[in-house]
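As a plain string of letters, each chain reads:
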Amino acid sequence: MHKLPFLISGRKLATYSLLSACLCATVASTANAADDTTPDRAIVLINPNSNAEATRSMAELARLETEGVATVIERSNTDAPALLTTPQDMIDAAPGVVAIGVEAAGDERVAAIIVSAFSDPGLEELREEVDIPVFGIGEEVFHEAARGDREFGIVTVTPDEALIESFRQKAASLGYEHLYRGVRVTPGDPTQLVQSPEALDAALAEAVQASIEEDGAQAVIMGGGPLSASALRLQPRFEVPLVVAVNAAARAAVAAIQDK
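So, here is what we can say about the structure in this document. Just so we're clear, the structure is a prediction, and the values are computed from it rather than from any experiment. Throughout, a residue's number is its position along its own chain's written sequence, starting from 1. This being a predicted model, a pLDDT of at least 70 is required before a residue's local features are given, and a value of 80 or more before pairs of side-chain atoms are given or counted; all residues contribute to the totals for chains, interfaces and linings. The side-chain numbers reported here are obtained from all heavy atoms of the structure, hydrogens and water having been left aside.

1. With respect to the overall build of the protein
Only runs of H or I of at least four residues qualify as helices and only runs of E of at least two qualify as strands under DSSP, and these elements are numbered from the N terminus. Along its length, the protein carries ten helices and eight strands. Per-residue burial for the protein yields a buried fraction of 46% across its 260 residues. Here, two residues are considered to be in contact whenever any of their heavy atoms come within 4.5 Å of each other. Sequence separation of 24 or more characterises 69% of the internal contacts of the protein that already satisfy a separation of 6 or more. If you sum the accessible surface of the protein, you get close to 13,500 Å²; carbon and sulfur atoms cover 53% of it. The cut-offs for exposure are 20% and 50% of the maximum accessible area for each residue type, with area from a 1.4 Å probe on protein chains only; residues under the lower value are buried, those over the upper are exposed, and the others partly exposed. Areas reported as accessible are Shrake-Rupley estimates using a 1.4 Å probe. Residue values count occlusion only from the protein chains shown.

Structure, rendered in structure tokens:
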């Protein structure tokens with residue numbers, strides 16, 4: 001029979017037991033503290049088109065603004081085209097946006113919804129259907145661009161004249177028509193352009209430069225959710241702010257949640 005190398009006295013055993021209990025309590029407390037830092041609220045970002053890659057990209061931008069406050073849940077409108085380029089596209093996308101938003105609002109964790117397309121399809125209809133805050137990236141980016149009475153322009157890849165006129169109407173409806181300096185549109189097929197980050201960046205850079213130098217813009221709105229990542233890549237080239245619609249809406253959603 002092997003002998004024990006040493007014996008633990010009753011007093012030492014009690015001491016070790018107490019230390020063990022304290023250590024377990026500390027670990028449990030640390031784990032609970034870590035759990036407490038995980039947001040129990042969520043913001044649902046709805047991409048009104050069906051481009052899942054664009055949805056992921058916009059959700060990642062939103063997460064930069066919501067860290068520690070809410071998680072971002074991304075949803076694509078799978079019944080819509082991959083890119084919305086005309087007013088009719090926006091109208092057709094609205095029912096899907098509303099359906100996704102109503103379903104999302106049924107989850108008690110969801111504290112706000114973001115409609116992530118520049119023309120805000122389905123925004124007003126969704127606001128009528130749910131009792132949580134709903135933000136449109138188009139609406140919020142106008143507010144941010146015009147802050148401090150800055151003159152601002154828009155660059156976009158969609159050449160539809162009716163859609164461009166809707167931008168002017170939105171500026172007017174929000175009280176910013178006197179600051180609005182118009183739209184610069186990239187040349188070529190927008191559907192093909194958004195498939196190449198390099199080509200998209202080059203085309204947008206030219207449009208931004210024209211908005212600043214020829215139109216007098218003191219801030220430039222990137223007119224479309226799928227242009228957001230490009231805006232961040234291009235910002236170091238320009239002194240004026242390139243205002244990213246997704247981030248503006250995410251900041252507004254965070255403010256609404258924190259005010260509750």
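2. Quick look at the environment of D189
Within the fold, D189 resides in the loop between β6 (180-185) and α7 (190-193). With 30 residues separating them in the primary sequence, D189 and P159 have C-alpha atoms 9.1 Å apart.

3. Quick notes on the sheet that holds strand β5 (residues 152-156)
As summarised here, the arrangement of the four strands in space is β6-β5-β7-β8, forming an open sheet in which the pairing is parallel. Two strands close off the open sheet at either side, each with one partner strand: β6 and β8 (242-243). Of the strand pairs in this sheet, β5 and β6 are connected by four bridges, and their pairing is parallel. By the bridge assignment, T156 is partnered in β6 with V185. In this fold helix α6 (residues 161-173) packs onto β5 and β6, with an angle of close to 160° to the strand it touches most, β6. The axes are straight lines fitted to the C-alpha atoms, using for helices just the contacting stretch, and the angles between their N-to-C directions are given from 0 to 180°. Along the sheet, helix α8 (residues 197-213) makes contact with β5, β6, β7 (219-222) and β8, crossing β5 at roughly 160°. Criterion used throughout: strands pair if DSSP finds at least two bridges between them.

4. Quick look at the environment of V44
Here V44 shows up in strand β1 (residues 42-47). Here the alpha-carbon distance between V44 and A70, two residues 26 residues apart in the chain, equals 9.7 Å. If we ignore the near neighbours within four places in the chain, the residues touching V44 are I73, R75, A104, V110, A112, I113 and I114.

5. What to know about the nonpolar core
Put simply, buried Ala, Val, Leu, Ile, Met, Phe, Trp, Tyr and Cys residues joined by side-chain atoms within 4.5 Å make one nonpolar core. The biggest cluster of nonpolar side chains holds 64 residues, and the ones touching the most others in it are I114, F142, F152, I154, L204, I221 and M222. Counting 16 residues, the second largest nonpolar core, distinct from the first, contains I100, V110, V115 and V130.

6. A look at the packing of aromatic side chains
Between rings of Phe, Tyr and Trp, where Trp is taken as its six-membered ring, a pair exists when centres lie within 6.5 Å; planes separated by under 30 degrees are stacked, by over 60 edge-to-face, and by other angles tilted. Tallied over the full model, the rule gives four aromatic pairs. Ring geometry for F118 versus F142: centroids 6.1 Å apart, planes at 35°, classification tilted. Taken together, the positions of F118 in the loop between β3 (110-115) and α4 (123-129) and F142 in helix α5 (residues 137-145) put the pair 24 residues apart, joining distant regions of the chain. Each member of the pair, F118 together with F142, is buried. Ring geometry for F118 against F167: centres 5.0 Å apart, planes inclined by 90°, an arrangement best described as edge-to-face. Separated by 49 residues along the polypeptide, F118 in the loop between β3 and α4 and F167 in helix α6 bring together distant segments of the chain. A connected cluster of aromatic rings, assembled from ring pairs, spans F118, F142, F152, F167 and Y180.

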